[in-house]
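Here is how the chains run, residue by residue.
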Amino acid sequence: MKTVELMFIPSPSIGHLVSMVELAKIFSDRDDRLMIKVFIMKLSFDTKVSAYIESLNSSSITNRIQFIDLPQDEGPSTAFSFTSFIENKKPQIKDIVSKRSQSESGSNSPPIAAFVIDIFCTTMIDVANEFGIPAYIYFTSSAAVLGLMFHLQTLHDDHNQDIAAYKDSDTELVVPSFVNTVPARVLPLGF
């Protein structure tokens, strides 16, 4: 049985990190041939991520899951851009994977089989493509939420409906991924 390695790239928020770590635990529990590296991107204002990682390092989490802290960006900026933050992490991950790939040829390191990338980190697909490694997108919310997002996009694209028009509406939306109708007024403004 040949061991392989997966590279997990979660979004730098605690909810996404916890979800991806739980997935890593499930994978490692189910298959002894998997080694998993989880890249940790920390936002300077989010102390929950550091505390969570510390709790995992002091727990009985499998030795086949390794956490790699990516260096924090230097100096505060006047405006924060999540997209730029993720984009700026690409060279760091690329460097780590490159060094890992170079050492792989002369060592007992398992080959990298795939990247598992958070839905908000899809720009990292470029890194996986550069190394010729398959990338899989992980949606950290439920299938019902994914279905809601697809349905709202369909309403916008195929039916020319502006979701913002439902803001204070008493309309009940039929969403295929939900058992019950959804009051339009409870939808987040981001939709």
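As shown above, the structure is provided for reference.
For clarity, every value in this text was computed on a predicted model and none was experimentally measured. (Residues numbered from 1 in each chain as written. Predicted model: local features only at pLDDT ≥ 70, side-chain atom pairs only at ≥ 80, totals over all residues. Heavy atoms only, no water.)

Asker: Can you walk me through the overall build of the protein chain in this structure?
Answerer: Summing up its helical and strand segments, the protein chain has five helices and seven strands in all. When the elements of the protein chain are put in sequence order from the N terminus, they spell out β-α-β-α-β-α-β-α-β-α-β-β. A total of 191 residues make up the protein chain; the buried ones form 37% of that total. Counting contacts in the protein chain only where the partners sit at least 6 residues apart, residues at least 24 apart contribute 64% of the total. Accessible surface, the protein chain as shown: approximately 11,200 Å² in total, 53% of it carbon and sulfur. (Helix = DSSP H or I, 4+ residues; strand = E, 2+ residues; numbered from the N terminus. Buried < 20%, exposed > 50% of the residue type's maximum accessible area, 1.4 Å probe, protein only. Contact = heavy atoms within 4.5 Å. Areas by Shrake-Rupley, 256 points an atom, 1.4 Å probe, with all protein chains shown as cover.)

Asker: Would you take a moment to explain the sheet that holds strand E4 (residues 112-118) for this structure?
Answerer: Within a sheet, each strand pairs with its neighbour through backbone hydrogen bonds, oriented either parallel or antiparallel. Strand order in the open sheet formed by five strands is E3-E2-E1-E4-E5, with parallel pairing between adjacent strands. The open sheet has two free edges, formed respectively by strand E3 (65-69) and strand E5 (135-138), since each of these has just one partner strand. Strand after strand, the sheet turns through a mean of 25° between neighbouring axes, direction not considered. By the bridge criterion, five bridges tie strand E2 (residues 34-40) to E3 in an arrangement that is parallel. For Phe39, the partnering residue across the bridge sits in E3 and is Ile68. (Pairing = 2+ DSSP bridges. Axes fitted to C-alpha atoms, helices over the stretch in contact; angles between N-to-C directions.)

Asker: What am I meant to see in the pairing of E2 here?
Answerer: Regular strands show a simple pattern: their side chains alternate between the two faces of the sheet. For E2, the buried fraction is high: six of the seven residues fall into the buried class. Strand direction decides the pairing type here: strand E1 (residues 4-9) and E2, joined by five bridges, are parallel. The residue of E2 that forms the bridge with Met7 is Lys37. As a crossover connection, the stretch from E1 through helix H1 (residues 14-30) into E2 is right-handed. (Right-handed = clockwise from strand over helix to strand, strands pointing away.)

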